[in-house]
Amino acid sequence: MGALSTVDDDGITAENFELKGNYPNPFNPTTKIRFSNDRSSNVKVTVYSIKGEKVALSNFQEIDITDKYLSWLNDPEVVQYSRQRFIDHDFLSSKKYFESFAESKNLFISIKLLKDNQMIGTMTVYFSMHNTADVGILIGDKSQWGKGHGKDAWNSLLMWLENELNIVKITA
């Protein structure tokens, strides 16, 4: 399963870190993860799998940019409270947004149902100074609204941010 990751070298976080993706895809029994950083010493890479009671969270991948995903972004009801409502989304604009996370410590996360691995939404985490994170969530699949999936994703991610990354302030 896809996972979220951080790099830590004896308590010193790498300033420049790039996760270059994995092969084969994270749903195979094993996967190779390529990364680079600004450290010349050995580093410890920790891979987390975040699962709630109903959903699993994993790194959003380019393959997640589907017609279904684009329909969420272009549905005024789905994005009515999001900054995304001001953008006409297509594959290229979505790919550019996805790629903007590659050069940052921020996270772009897919929300998938545990029962069938169907993607139903996304989350973002933007990190800032002093162990602060700004979190956003979008449940795009309207057939899944009101079923507790957003709450499960939200609670799972916030618990991970607090317990694993020591985030002390979360805004939304």
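Residues numbered from 1 in each chain as written. Predicted model: local features only at pLDDT ≥ 70, side-chain atom pairs only at ≥ 80, totals over all residues. Heavy atoms only, no water.

Q: Go over the sheet that holds strand β10 (residues 132-139) with me, naming the residues and quoting the values.
A: Ordered in space as β6-β7-β8-β9-β10-β11, the six strands form an open sheet in which the pairing is mixed. The open sheet has two free edges, formed respectively by β6 (50-51) and β11 (169-171), since each of these has just one partner strand. Two elements, β6 and strand β7 (residues 55-59), share two bridges in a ladder whose sense is antiparallel. Opposite Lys-51, over in β7, you have Ala-56 as the bridge partner. (Pairing = 2+ DSSP bridges. Helix = DSSP H or I, 4+ residues; strand = E, 2+ residues; numbered from the N terminus.)

Q: Help me get a handle on the side chain of Asp-152, residues and values and all.
A: As for its position among the elements, Asp-152 is in helix α3 (residues 149-165). Notably, Asp-152 is buried but unbridged: the nearest opposite-charge side chain belongs to Lys-54, and the N-O separation is 7.1 Å. In this structure Asp-152 touches Gly-52, Glu-53, Lys-54 and Val-55, once residues within four positions along its chain are discounted. (Buried < 20%, exposed > 50% of the residue type's maximum accessible area, 1.4 Å probe, protein only. Lys, Arg positive; Asp, Glu negative; His and termini not counted. Salt bridge = Lys/Arg side-chain N within 4 Å of Asp/Glu carboxyl O. Contact = heavy atoms within 4.5 Å.)

Q: Can you break down the nonpolar core residue by residue, with the values?
A: In this structure, Leu-57, Ile-111, Met-123, Val-125, Leu-157 and Leu-161 are the most contacted members of the largest nonpolar core, which totals 20 residues. Element by element, the count of residues in this core is highest for α3, at six residues. Formed by 13 residues, the second largest nonpolar core is a distinct cluster that contains Val-78, Val-79, Phe-108 and Met-119. (Core = buried A, V, L, I, M, F, W, Y, C linked by side-chain atoms within 4.5 Å.)

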